[in-house]
Amino acid sequence: MDTHRQQSEAAEVRAAIGHQMRSRRAQREMTQADLAEHTGLSATELDRLERGERDMDIPEAVVIAAAFETTAGEFLQSVQDSLDGKPL
């Protein structure tokens, strides 16, 4: 797989993660500051994740999912589903 394609797919995944985060925050009427308080992550880092500017690591996925009262597996499955079945 060429580098450009890998970068494009990674950007698409980051955007899907960000969309899921924003959507779940909105459903719970949470601000980024609220999510930061629940996760221990900074609002700045959460903003960067939501804008797809950086990758989410596994520990972050676990604490973010817990703040949304779900598992990291379910959260990541919803991201994958939003990508129309493209593998993560």
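Worth saying up front: this structure is predicted, and the values here are computed from it rather than measured.

Q: Got a minute to help me understand the overall build of the protein chain in this structure?
A: In terms of regular secondary structure, the protein chain is built from five helices and zero strands. Secondary structure of the protein chain in N-to-C order comes out as α-α-α-α-α. Its C-alpha atoms give the protein chain a radius of gyration of 13 Å, within 12% of the compact-globule value 12 Å for 88 residues. Seen through its C-alpha atoms, the protein chain measures out along the principal axes to roughly 40 × 25 × 20 Å. When burial is assessed residue by residue, the protein chain has 34% of its 88 residues classed as buried. The contacts of the protein chain with a sequence gap of at least 6 include a subset with a gap of at least 24, amounting to 53%. Counting 10 positive and 17 negative side-chain charges, the protein chain places the centres of these two groups 3 Å from one another.

Q: Honestly, helix α1 (residues 3–27) in this entry has me stumped. Any pointers?
A: Side chains that are three or four residues apart share a direction in an α-helix, a result of its 3.6 residues per turn. For α1, built from 25 residues, the straight-helix expectation of 36 Å at 1.5 Å per residue is met to within 8% by its first-to-last C-alpha distance of 36 Å. Looking at the packing, one finds that the buried side of α1 touches α2 (32–39), α3 (43–50), α4 (58–67) and α5 (72–82). Two or three places before H4, at the start of α1, stands the capping residue D2, its side-chain oxygen 3.1 Å from that residue's backbone nitrogen. In the segment just after α1, E29 is the residue with positive phi, at about 50 degrees.

Q: What's the story with a nonpolar patch on the surface in this structure? I'm lost.
A: On the surface, a cluster of nonpolar side chains totalling about 260 Å² of accessible area is made up of I58, V62 and V63. The residue V62 is located in helix α4 in this model. V62 sits in the partly exposed class, given a relative accessible area of 44%.

Q: Sorry if this is basic, but what is going on with α3 here?
A: Looking only at α3, the buried set comprises L46, L49 and E50. Down the axis of α3, the smallest arc covering the buried residues is 95 degrees, so these residues share one side. Looking at the buried side of α3, the elements it contacts are α1, α2 and α4. Looking one or two residues beyond α3, the residue adopting positive phi is G52, at roughly 70 degrees.

Conventions used here
- Residues numbered from 1 in each chain as written.
- Predicted model: local features only at pLDDT ≥ 70, side-chain atom pairs only at ≥ 80, totals over all residues.
- Heavy atoms only, no water.
- Helix = DSSP H or I, 4+ residues; strand = E, 2+ residues; numbered from the N terminus.
- Rg over C-alpha atoms; globule rule 2.2 N^0.38 Å.
- Buried < 20%, exposed > 50% of the residue type's maximum accessible area, 1.4 Å probe, protein only.
- Contact = heavy atoms within 4.5 Å.
- Lys, Arg positive; Asp, Glu negative; His and termini not counted.
- Charge placed at Lys NZ, Arg CZ, Asp CG, Glu CD.
- Expected span 1.5 Å × (residues − 1).
- Polar contact = N/O pair within 3.5 Å; in protein donor to acceptor, adjacent residues only side chain to side chain.
- Patch = residues over 30% accessible without salt bridge, like charges linked within 9 Å, V, L, I, M, F, W, Y side chains within 5 Å.
- Areas by Shrake-Rupley, 256 points an atom, 1.4 Å probe, with all protein chains shown as cover.
- Salt bridge = Lys/Arg side-chain N within 4 Å of Asp/Glu carboxyl O.
- Arc of directions from axis to C-beta.

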